[in-house]
Amino acid sequence: MKTSDLLLDNYFINELNYALRKDFNENISNSLESPSLAVKCSYEKITDNTNQRKCEIEIGLSKKSEANFPYQFKIVMSGLFTISTEIDAEAGERLFRVNAPSLLYSTARVILYNLTNYSGHLPFMLPSVTFIDEAEPIIDISEVEKKKTTATKKKTKIVNKKQ
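Residues numbered from 1 in each chain as written. Predicted model: local features only at pLDDT ≥ 70, side-chain atom pairs only at ≥ 80, totals over all residues. Heavy atoms only, no water.

This part covers the overall build of the protein chain. Within the protein chain one finds three helices and four strands. Across the protein chain, helices and strands are ordered from the amino to the carboxyl terminus as β-β-β-β-α-α-α. Burial status across the protein chain gives 34% buried among its 163 residues. (Helix = DSSP H or I, 4+ residues; strand = E, 2+ residues; numbered from the N terminus. Buried < 20%, exposed > 50% of the residue type's maximum accessible area, 1.4 Å probe, protein only.)

Examined against the element boundaries, Cys55 turns out to sit in strand E3 (residues 52-61). For Cys55, a relative accessible area of 0% corresponds to the buried category. Measuring from C-alpha to C-alpha, the distance between Cys55 and Ser42 comes to 5.8 Å, with 13 residues separating the pair along the chain. Sequence-distant contacts of Cys55, defined by excluding residues within four places in its chain, comprise Ser42, Tyr43, Met77, Ser78, Gly79, Phe81, Phe96, Ala100, Pro101 and Leu104. (Contact = heavy atoms within 4.5 Å.)

Once that is clear, we can look at the nonpolar core. Ile59, Phe73, Phe96 and Leu126 are the most contacted members of the largest nonpolar core, which has 25 residues in total. Elements represented by at least two residues in this core include exactly E3, strand E4 (71-83) and helix H1 (89-116). Considering every element that reaches this core, the biggest residue donor is H1, with seven residues. When sequence neighbours within four positions are dropped, the list of residues in contact with Phe96 reads Leu6, Tyr43, Arg53, Lys54, Cys55, Phe81, Ile83 and Pro101. (Core = buried A, V, L, I, M, F, W, Y, C linked by side-chain atoms within 4.5 Å.)

Across the protein chain, pLDDT averages 82, with 80% of residues at or above 70. Here residues 139-163 scores under 50 on pLDDT; set against residues more than four positions off or in separate chains, the count is 13 contacts. (pLDDT = per-residue confidence, 0-100.)

The subject of this paragraph is the pattern of salt bridges. Throughout the structure, instances matching the rule amount to seven salt bridges. Salt-bridge contacts for Arg97 lead to Glu93; the nearest nitrogen and oxygen are separated by 3.5 Å. Of this pair, Arg97 and Glu93 both sit in helix H1, four residues apart, roughly one helical turn. For the pair Arg97 and Glu93, one class covers both residues: buried. (Salt bridge = Lys/Arg side-chain N within 4 Å of Asp/Glu carboxyl O.)

On to a nonpolar patch on the surface. There is a patch of nonpolar side chains on the surface, built from Leu8, Tyr11 and Leu103 and spanning about 250 Å² of accessible area. Mapped onto the elements of the fold, Leu103 is located in helix H1. (Patch = residues over 30% accessible without salt bridge, like charges linked within 9 Å, V, L, I, M, F, W, Y side chains within 5 Å. Areas by Shrake-Rupley, 256 points an atom, 1.4 Å probe, with all protein chains shown as cover.)

All right, on to H1 then. The first and last C-alpha atoms of H1 sit 40 Å apart over 28 residues, in line with the 40 Å expected at 1.5 Å per residue. The largest bend in H1 is about 25°, located at Phe96. The N-cap of H1, judged by a side-chain oxygen 3.2 Å from the amide nitrogen of Glu90 a few residues on, is Asp88. (Expected span 1.5 Å × (residues − 1). Bend = angle between axes of the 7 residues up to and from the residue. Polar contact = N/O pair within 3.5 Å; in protein donor to acceptor, adjacent residues only side chain to side chain.)

With that out of the way, let us pick up the layout of surface pockets. In this model, the second largest pocket occupies a volume close to 160 Å³. Per-element tally for the lining of the second largest pocket: the top contributor is E3, with four residues. Tallied by class, residues from the lining of the second largest pocket come to five nonpolar, three polar and four charged. (1 Å grid on protein atoms, 1.4 Å probe; cavity = no way out; pocket = protein on both sides within 12 Å on 5 of 7 lines; lining within 4 Å. Points joined across faces, edges and corners; volume = space filled by probe spheres on them. Nonpolar A, V, L, I, M, F, W, Y, C, P; charged D, E, K, R; others polar.)

Have a look at this one:
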């Protein structure tokens, strides 16, 4: 085991809305139906330090969610992260885009579980998800064209195939 090249400096709850849904029917089932979730992520480079980043995640019920579910909720969290200088920039950015929302999501899972545990209904645990799709490489194609190395050309082809 080694220390990650992505360090979590701090995290914050920016918004937390919670209510019991009036249309929930307790008589339908003894277990919670899984609702459709809406999860949004945003990423920001903090300008005064090139290795510092901010990630914000918003988790709530999808407007399409029709599950018989007792809760209405929305949680918005942000975290401040530092990418190690011992990792190359592209790998560091991918690491940030996958691990930062994962860390915030798992923190939101605990918060929502604890909150719903005191509701008089079954507690709700956010399902496991992956943020691997957030790792799409971010490269400036104009910079790649300037380098004209074989390795860079191969990398560019792979990136273009994913798009």
